[in-house]
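Report on the structure
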Amino acid sequence: MHIVLDLHDGVVTATRIEGDGATGDAAQLDLTALVEFVAEREAAERPRWVWANTRQWYPRLLAAGVRVERCVDLTLCHRILRRSALTAESALARGPESAWDVASSALIEPVPAQSPALFDVEVPATTAGLDPVREFEAQLAAVSSAEQPGRIRLLLAAESAGALIAEEIRFTGLPWRADVHDRVLTQALGPRPAPERHPAKLDELATRIRELLDAPALNPDSQPELLAALRRVGLDVASTRKWELRELQHPVIAPLLEYKNLYRLYTANGWAWLDAWVHEGRFRPDYVVGGVVTGRWATSGGGALQLPKNVRQAVVADPGWKLVVADAAQLEPRVLTGLAHDRAMADAGRGRDLYDSIVAAQVVPSRPHAKVAMLGAMYGATTGDSARLMPRLRRAFPQAIALVDHAAEEGERGDRVMSRLGRTSPPPSAGWRAVQQRASEPGATSSDERRARSQARDWGRFTRNFVVQASAAEWALCWMAETRLRLAALNGRSLSGAPHLVYFLHDEVMIHTPEQFAPQVERVLHDAARAAGELLFGTFPVDFPLTVATVDTYADAK
DNA sequence: ACTGTGTGCGCG
DNA sequence: AAAGCGCGCACACAGT
């Protein structure tokens, strides 16, 4: 059972779509009656709510204390279906661009500044005038035209569940102790400086750097100035990157590296960040579901996916509550195992650290070697240790390596590749095709050919990684969705008084929970991981072990 | 005063 | 030693 919601001039139309796809009754209701209507239907039949976009509808329901179990986010689903190779022959994919495509791209555009009132979201202009009932019918038709509709159907469900989760996380926020954060900053940088001033510690370091480089006017934030000053004292550097500086012997290196480190903390996660992003003890990440080509989430403002290790101390559970932090161990290689049905790799990963097993099997000499070799296989390394270890990895796990090699070949040819559930890589750009074309024409110069070859390899590395990263993102979505449903079953449907998701980071989730529920939450996470593995890979025996920690602060999770 | 690009660094 | 994937963000700087 589905109920499609549409909004025109303050009037909501709720249209029932029966299980067989037949359009049923359409009720009209006032916007103020919406919350009660949704709550009542949710309790009675738990329909799948169908709407143009989750950000437009769900915050107002959450603010009124109403959660829904399932939805279809038409805008997110539209984007997947338009591009997926599984639905390429459908009318929806073959038709011309529509307002839904405009709405899709608007979703991943940066939102202007701060939204003033968090839960008073205006209807975005981009979805006004769209017909969600017709779009939903077109999407159903596209799905049923697929050869294996189960895969794409699961992907759409998972993506939509992600949209609900992102809104719920924004609603509850991540517990954040501004006082702890301030203490971290003060210890590192000195007291908070007056407006327009730099922290005392940074000023001191800058002065020392100027003295040691004999450059009284140097601005250490200026890369060209700094590079020139380093060369003037005889340091042969090509850049001012820290890993290049680290190798040098000179009295200025230590204070310079410290300056860079503190400057980064100050500018990216300093007092200004705290003022902008933390209110009433909560940081509200602005997740962009499906914001990355591979289906990974992105963020817009606040940098929720780049929280540096040293400020994670500020993430502290409320009194009487705990944080349960879980991450999937070696997620991407394990996903590759499932994609390739590589039995040897599945055996190596069973019940233990995958990299340790690779060492035990004498494929490589040490765990760091195993890790770098595996990452190199998935990223397409061409030089260094990583590339040199590839033949040994290929001998040990021929099926897994063949899968990524094949994905790279497809990309080099300009073909598209697909994740486990059907998310499909974008085609290469017109410029890319033109370069390839030119190199194949008579009269092509060797430089044309070199350029084409190098560009083809670049795109091949992208498609090589796409199949793994996109499938891993699907596993993570399924894991989160399964976790969310099980948490709701654990303690009713309220968000604020019960265990709930507060953070997500590609292969890691965090749940804020009353202390007494922590053991159950840990079990839920493990069960959900198992369920996610089965959803993606059926009975193929690949394990997805988790590292789980129940802690008071995020900094203690690793 | 604005916008786009390059550099560097944080995360997975 | 910093190669090989995907990002966001802040700053300096050069272009308009």
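The name given to chain A in an unreviewed UniProt entry is DNA-directed DNA polymerase, with Gryllotalpicola reticulitermitis as the source organism. Taken directly from UniProt, the Catalytic activity (unreviewed entry) text for chain A runs: "DNA(n) + a 2'-deoxyribonucleoside 5'-triphosphate = DNA(n+1) + diphosphate".

Looking at the overall build of chain A
When helices and strands are counted, chain A shows 22 helices and 14 strands. A globule of 558 residues ought to have a C-alpha radius of gyration of about 24 Å, and chain A, at 26 Å, matches this closely. In terms of its C-alpha atoms, chain A occupies a principal-axis envelope of roughly 80 × 65 × 50 Å. Relative to all contacts within chain A whose residues are 6 or more apart in sequence, the contacts with residues 24 or more apart total 68%. Taken as a whole, chain A presents about 25500 Å² of accessible surface, with 51% of it coming from carbon and sulfur. When the 64 positive and 69 negative side-chain charges of chain A are each reduced to one mean point, those points stand 6 Å apart.

A word on the sheet that holds strand S7 (residues 278-279)
Taken in spatial order, the 3 strands of this open sheet run S6-S8-S7, and their pairing is antiparallel. In the strand order of this sheet, the two ends are held by strand S6 (174-175) and S7, each with one partner. Looking at chain direction, S7 and strand S8 (residues 282-283) are connected through 2 bridges and run antiparallel. Among the inter-strand pairings, Val 278 is bridged to a residue of S8, identified as Phe 283.

Some details on the nonpolar core
Formed by 117 residues in total, the largest nonpolar core has its most connected members in Trp 176, Trp 475 and Trp 479. Not counting residues within four places of it along the chain, the set of residues in contact with Trp 479 comprises Ala 326, Asp 327, Ala 328, Asp 507, Glu 508, Val 509, Leu 525, Ala 528, Ala 529, Ala 532 and Leu 546. Counting residues in hydrophobic clusters, the runner-up holds 27 residues, among them Ile 358, Leu 393, Ala 407 and Phe 466.

Here we look at the domain arrangement of chain A
Put simply, an interface is often sized by how much accessible area is lost when its parts join up. Each assigned domain of chain A is listed here: domain 1 (1-172), domain 2 (178-277) and domain 3 (332-467). On a C-alpha basis, the centres of domain 1 and domain 2 stand 47 Å from each other.

Notes on the protein's contact with DNA strand B
Inspection of the region around DNA strand B gives 19 residues, with Gln 223, Thr 240, Lys 242, Gln 306 and Asp 507 positioned closest. Between a phosphate oxygen of DNA strand B and a side-chain N or O atom of Lys 242, the distance comes to 2.4 Å. Classifying every residue of the surface near DNA strand B by side-chain character gives 4 nonpolar, 6 polar and 9 charged.

Section: the pattern of salt bridges
The tally for this structure, following the rule as stated, stands at 30 salt bridges. One salt bridge in this structure joins Glu 45 and Arg 41, with 3.0 Å as the shortest N-O distance. Here Glu 45 pairs with Arg 41, and both are found in helix H1 (residues 34-45), just 4 residues apart, close to one helical turn. Its relative accessible area of 25% is what places Glu 45 among the partly exposed residues. Here Asp 179 ties to Arg 177 by a salt bridge, and the two come within 2.8 Å at their closest N and O atoms. One continuous salt-bridge network, built from bridges that share partners, spans Arg 16, Glu 40, Arg 41 and Glu 45.

Describing unusual backbone geometry
Residue Asp 9 is not a glycine yet carries a positive backbone phi of 50°. Structurally, the position occupied by Asp 9 is in the loop between strand S1 (2-8) and strand S2 (11-17). Even without a glycine there, the phi angle at Glu 196 is positive, about 75°. Within the secondary structure layout, Glu 196 lies in the loop between helix H8 (178-189) and helix H9 (200-212).

A closer look at the pairing of S2
With 5 of 7 residues buried, S2 lies mostly within the body of the structure. Looking at chain direction, S1 and S2 are connected through 7 bridges and run antiparallel. Residue pairing for S2: Ile 3 is matched across the bridge by Arg 16. In textbook terms, the turn of a hairpin is the stretch between consecutive antiparallel strands, and for S1 and S2 this stretch comprises 2 residues, one of which, Asp 9, has a positive phi near 50°.

Rules of the game
- Residues numbered from 1 in each chain as written.
- Chains lettered and ligands numbered in written order.
- Predicted model: local features only at pLDDT ≥ 70, side-chain atom pairs only at ≥ 80, totals over all residues.
- Heavy atoms only, no water.
- UniProt positions renumbered as here; feature names shortened; annotations may be inferred.
- Helix = DSSP H or I, 4+ residues; strand = E, 2+ residues; numbered from the N terminus.
- Rg over C-alpha atoms; globule rule 2.2 N^0.38 Å.
- Contact = heavy atoms within 4.5 Å.
- Areas by Shrake-Rupley, 256 points an atom, 1.4 Å probe, with all protein chains shown as cover.
- Lys, Arg positive; Asp, Glu negative; His and termini not counted.
- Charge placed at Lys NZ, Arg CZ, Asp CG, Glu CD.
- Pairing = 2+ DSSP bridges.
- Core = buried A, V, L, I, M, F, W, Y, C linked by side-chain atoms within 4.5 Å.
- Buried < 20%, exposed > 50% of the residue type's maximum accessible area, 1.4 Å probe, protein only.
- Domains from an automatic or database assignment.
- Near = heavy atom within 4 Å.
- Polar contact = N/O pair within 3.5 Å; in protein donor to acceptor, adjacent residues only side chain to side chain.
- Nonpolar A, V, L, I, M, F, W, Y, C, P; charged D, E, K, R; others polar.
- Salt bridge = Lys/Arg side-chain N within 4 Å of Asp/Glu carboxyl O.

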